[in-house]
Amino acid sequence: MEPVPLQDFVCALDPATLPRVLRVCSGVYFQGSIYEISGNECCLSTGDLMKVTQLRLQKVICENPGSGQTIELDPNFKGHFSPLTGPQSYGTLEELVSAVVQSSKQLPIWFMSTCKIDTRIRVVPEEQPLMLEAVEMYLGTCSARCVLSMGTQVVVLHLPLSMKGPFWELQTGAPRTLLQALQDPALKGLLLTCPTLPWRALILKPHYEIQAIMQMRRTIVSIPSTLEVDVEDVTASSEHIHFIQPLLLSEVLARGGPFPLNTQILEVPEGPPIFLSPWVGSLRKGQGLCIHGLASPSWRVLASTKGRKVPRYFMISGAYHGKLRRRPREFTTAYDLLGALQPGRPLRVVAMKDCEGDEEEIPGFISLAMGDRLEVLGSGQAHGSHGGDMDILMCHRLSDQAGEEECEEEAEDQEQIVLPLYFSGSFVEEMSDTRRYKLEDLTAQFSLPCEVKVVTKDSSHPADPLPLFPGLRLEEKITEPFLVVSLDSEPGMHFEIPPRWLDLTVVEEEHPGRPAGSLPAATVEELTDAFYYHLRKLPASESLGPPPRPPKRQNLSEQKKQSGLEGNIKSSLVSELQQRPLLPKLKMTTLAKATEDRSNTYTKIPPRKGLKPTKCSTLDPDGDEHDYEEVVEHFQKTL
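Conventions and cut-offs
- Per chain, residues are indexed from 1 in the order of the written sequence.
- At least 70 in pLDDT is required for a residue's local features to be given in this predicted model, at least 80 for side-chain atom pairs to be given and counted, and no such filter applies to totals for whole chains, interfaces and linings, which use all residues.
- As a rule here, side-chain values come from all non-hydrogen atoms in the structure, and water together with hydrogens is ignored.
- A run of DSSP states H or I qualifies as a helix once it reaches four residues; a run of E qualifies as a strand once it reaches two. Both are numbered from the N-terminal end.
- Counted as a polar contact is a pair of N or O atoms within 3.5 Å, where, for protein atoms, one must be capable of donating a hydrogen and the other of accepting one, and residues adjacent in sequence contribute only when both atoms are in side chains.
- Here a residue-residue contact requires only that any non-hydrogen atoms of the pair lie within 4.5 Å.
- Strand pairing is assigned whenever DSSP identifies at least 2 bridges connecting the two strands.
- Residues grouped as a nonpolar core are buried Ala, Val, Leu, Ile, Met, Phe, Trp, Tyr and Cys residues, joined through side-chain atoms within 4.5 Å.
- Categorising residues by exposure relies on relative accessible area from a 1.4 Å probe, with only protein chains included: less than 20% of the type maximum marks a residue as buried, more than 50% marks it as exposed, and the intermediate range marks it as partly exposed.
- In this description, one arc is meant: the one made by directions from the helix axis to the C-beta atoms.
- Between Lys or Arg on one side and Asp or Glu on the other, a salt bridge is scored when a side-chain nitrogen of the former is within 4 Å of a carboxyl oxygen of the latter.
- Between rings of Phe, Tyr and Trp, where Trp is taken as its six-membered ring, a pair exists when centres lie within 6.5 Å; planes separated by under 30 degrees are stacked, by over 60 edge-to-face, and by other angles tilted.
- Per-residue confidence from the predictor is reported as pLDDT, which spans 0 to 100.

A.B. asks: Hey, could you run me through the side chain of E429 in this one?
C.D. replies: Within the secondary structure, E429 sits in strand β31 (residues 424-429). Within the local environment of E429, its side chain forms a polar contact with the side chain of R326, the two groups lying 3.3 Å apart. Those residues in contact with E429 that lie beyond four places of it in its chain are R326, R327, P328, R329, F331, L347, R348 and V349.

A.B. asks: Would you explain the sheet that holds strand β21 (residues 261-267) in this entry?
C.D. replies: Strands pair in a sheet through their backbones, by hydrogen bonds, and they do so in one of two ways: parallel or antiparallel. Here six strands make up an open sheet; going across it, the order is β20-β36-β21-β22-β34-β35 and the pairing antiparallel. With partners counted over all chains shown, the strands left at the sheet margins are β20 (247-248) and β35 (494-497), one partner each. One ladder, built from five bridges, connects strand β22 (residues 288-294) with strand β34 (residues 483-487); its direction is antiparallel. Bridge pairing links I291 to V485 in β34.

A.B. asks: Hey, could you run me through the nonpolar core in this one?
C.D. replies: Most often, soluble globular proteins keep nonpolar side chains buried together rather than apart. Counting residues in hydrophobic clusters, the biggest one holds 36 residues, and the most contacted among them are L6, M50, F81, L202 and L204. Those elements that place two or more of their residues in this core are α1 (6-12), β2 (20-26), β5 (49-63), α3 (178-183), β17 (203-214) and β18 (221-224). Among residues more than four places away in sequence, those in contact with L204 are V60, I61, C62, L73, F81, L178, A181, L182 and L192. L247, I265, V484 and I497 belong to the second largest nonpolar core, which has 33 residues in total.

A.B. asks: I tried to follow the environment of D458 on my own but got confused; where do I start?
C.D. replies: Relative to the helices and strands, D458 is located in the loop between β32 (450-456) and β33 (471-479). For D458, a relative accessible area of 0% translates into the label buried. Counting along the chain gives 135 residues from D458 to K323, while the straight-line C-alpha distance between them is 7.7 Å. If we skip the residues at most four places from it in the chain, D458 touches A319, Y320, H321, G322, D464 and T523. Reaching out from D458, the side chain makes a polar contact with the side chain of S460 at a distance of 2.9 Å. A polar contact is formed between the side chain of D458 and the side chain of T523, at a distance of 3.1 Å.

A.B. asks: What is the right way to read helix α2 (residues 93-102) from this model?
C.D. replies: Count 3.6 residues to each turn of an α-helix, and residues three or four apart come out pointing the same way. Restricting attention to buried positions, one finds in α2 the residues L93, L96, V97 and V100. Projection of α2 onto a plane perpendicular to its axis shows the buried side chains occupying an angular sector of 95 degrees, all on one side. Taken from the residues just after α2, S104 is the one with a positive phi, measuring 60 degrees.

A.B. asks: What am I meant to see in unusual backbone geometry here?
C.D. replies: Trans is the prevailing form of peptide bonds, just as negative phi is the prevailing case for residues other than glycine. With an omega dihedral of 15 degrees, the bond running from G165 to P166 counts as a cis peptide bond. Among the structural elements, P166 can be located in strand β15 (residues 164-170). A positive phi angle, near 60 degrees, is found at S104, a position not held by glycine. Mapped onto the elements of the fold, S104 is located in the loop between α2 and β9 (109-113). Positive phi, normally seen in glycine, also occurs at L139, with a value near 55 degrees. Tracing the chain through its elements places L139 in the loop between β12 (130-138) and β13 (141-150).

A.B. asks: What is the right way to look at the pattern of salt bridges in this model?
C.D. replies: Side-chain pairing between opposite charges can occur once the charged atoms of the two side chains come close. For the structure shown, the criterion picks out 24 salt bridges. As a salt-bridge pair, R300 and E496 come within 2.5 Å of each other at their nearest N and O atoms. Note that R300 is positioned in strand β23 (residues 299-306) and E496 in strand β35, a separation of 196 residues in sequence. Each member of the pair R300 and E496 is classed as buried. For R327, the salt bridge goes to E451, with nearest N and O atoms at 3.8 Å.

A.B. asks: I'm lost on the packing of aromatic side chains in this one. Help?
C.D. replies: Each pair of aromatic rings is reported with the distance of its centres and the angle of its planes. Under the defined criterion, the tally for this structure stands at 13 aromatic pairs. With a centroid separation of 4.0 Å and 15 degrees between ring planes, the pair formed by Y313 and Y532 is classed as stacked. You can see Y313 sitting in strand β24 (residues 313-317) and its partner Y532 sitting in helix α8 (residues 529-536), a full 219 residues away along the chain. Residue class for Y313 comes out buried when judged on its relative accessible area of 6%. We classify Y532 as buried; its relative accessible area is 4%.

A.B. asks: How do you make sense of the confidence of the model for the protein when you look at a structure like this?
C.D. replies: A low pLDDT means the predicted coordinates there should not be read in detail. Averaged over all residues, the pLDDT of the protein equals 77, while 76% of them reach at least 70. Taking the mean pLDDT of every element in the protein, the minimum, 41, falls on helix α11 (residues 590-601) and the maximum, 93, on β24. Across residues 554-562, confidence stays below pLDDT 50; counting only partners more than four residues off in sequence or on other chains, it has two contacts. Within the model, the stretch residues 569-639 combines pLDDT values under 50 with 37 contacts to residues more than four positions away or in other chains.

Now the structure itself:
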């Protein structure tokens, strides 16, 4: 086949013969960095091969051959078209008229000339339709009276029958729809007429979008048929040509099989690694990869290590078979305690440091001492001293005797306290659970985050690193599809890849895949810090609201006024002490009595119900402490 323009090839192409393989004979390239225009391919090199799989009609340009005016028609245009050009040409107008008379046709008829017609009135363009109404004498010459329609203008012309052509009779045929007129080979390039359009004669010029497969193109290529490039049809000689079409792992996942699928890596996404596993270094261009199928189950748990200065982060599969034991959870705020409270599950904690309360701010907000046991009841609201309601956490202070059941007398004596949700402290969960859980059971029974210790490693994972750590914090559960893959160089090593975050570009290989069978699951993968924090920013984590902010304190001006007032009070107290006369020295006989009174003061300590807020006391020269110090000083001088 000789090279032809792409537009001519597409217009003459029968869609029933697709697919067709074309070779580009003269390429086209738009200068600059633009590779596509409006999603269409605009750069084709000489020698490129393409397999045309589909044609899509984009629009149809309707052109008036006389004036050159155009109208753009939608592919769903409802008008009907009829052909105008007959199968035979005539040398003169007399031959045309004789043929009409012999065929018993009635005037008027339509005809056109392939050359320009010069008259005294105007010049008729080539291929301009004319209507022959009658034959009559005009200025002593036998002439054909013709009507020329130029839009809204109508001109009557008298053409002598001796005028030379060639002339073509325009014949009307059966009406056809727009798509039928474009698909009919007999109407290619003929003049048509349509009653719903303003012109008597017109030419249809369709514009197609070509859907094609090209070498090393991951997606179907869209090429406009009007691209100025010459092509030739090489379908007959291209049966041995195999078009390599790259795939993304996400496309393999969406396709859903068939598995196993043998592929070769063409491209690895740029950027820092997301896993700290040995197999990450093997993912490079040219590496064979066997995709075995979808990993099951699809959920994973994000975990961080405890007890190390630099934590490490892991993604644990739902198929993990190790055994875990719960560890007491640690909480730093009352808001954390409220988030860990589950309906039907009592939550008891122990305070790990002294914390000062303020009953003046919130009634019931008392101080806590290290070792205090609390049972978390739930949330509530209280009216604060700063105005407005505040969110609080209601708790019971328990007795010092730890146990799951408290006697009725102790239950009656339990003191109810409240903690504002912004309250910062240090609490450790009180628990006596020694059971060993599977990961699936643990996440089903308890909310995350959860503190655990891996006591039995996963037998299917010989290098399971989790039992080496003193503790793990299971942060959250995520659900994401993974693909189980293996390397051709190491068929025994299987691992799982998330196409969402590691979308490799691969190409399918022709040799058959390995037989399907049970696959060992890669249950633990270590994550980089950046990827771990990226996962923690996902919408599942963002749904957790921030803890409440503490109420606003006094502004700076009020604090300055108050500090100035306190300074004046202190200065007045100091001057008063300086002006007050010193007390006389105590005698020796008062030593025994003073000592006895002081010792009796500390002989009996009342039982502690809770620390009260301590207040700064000013030194009083008339108090016992001043007398005691003076006595000791006098006694030492006497000795």
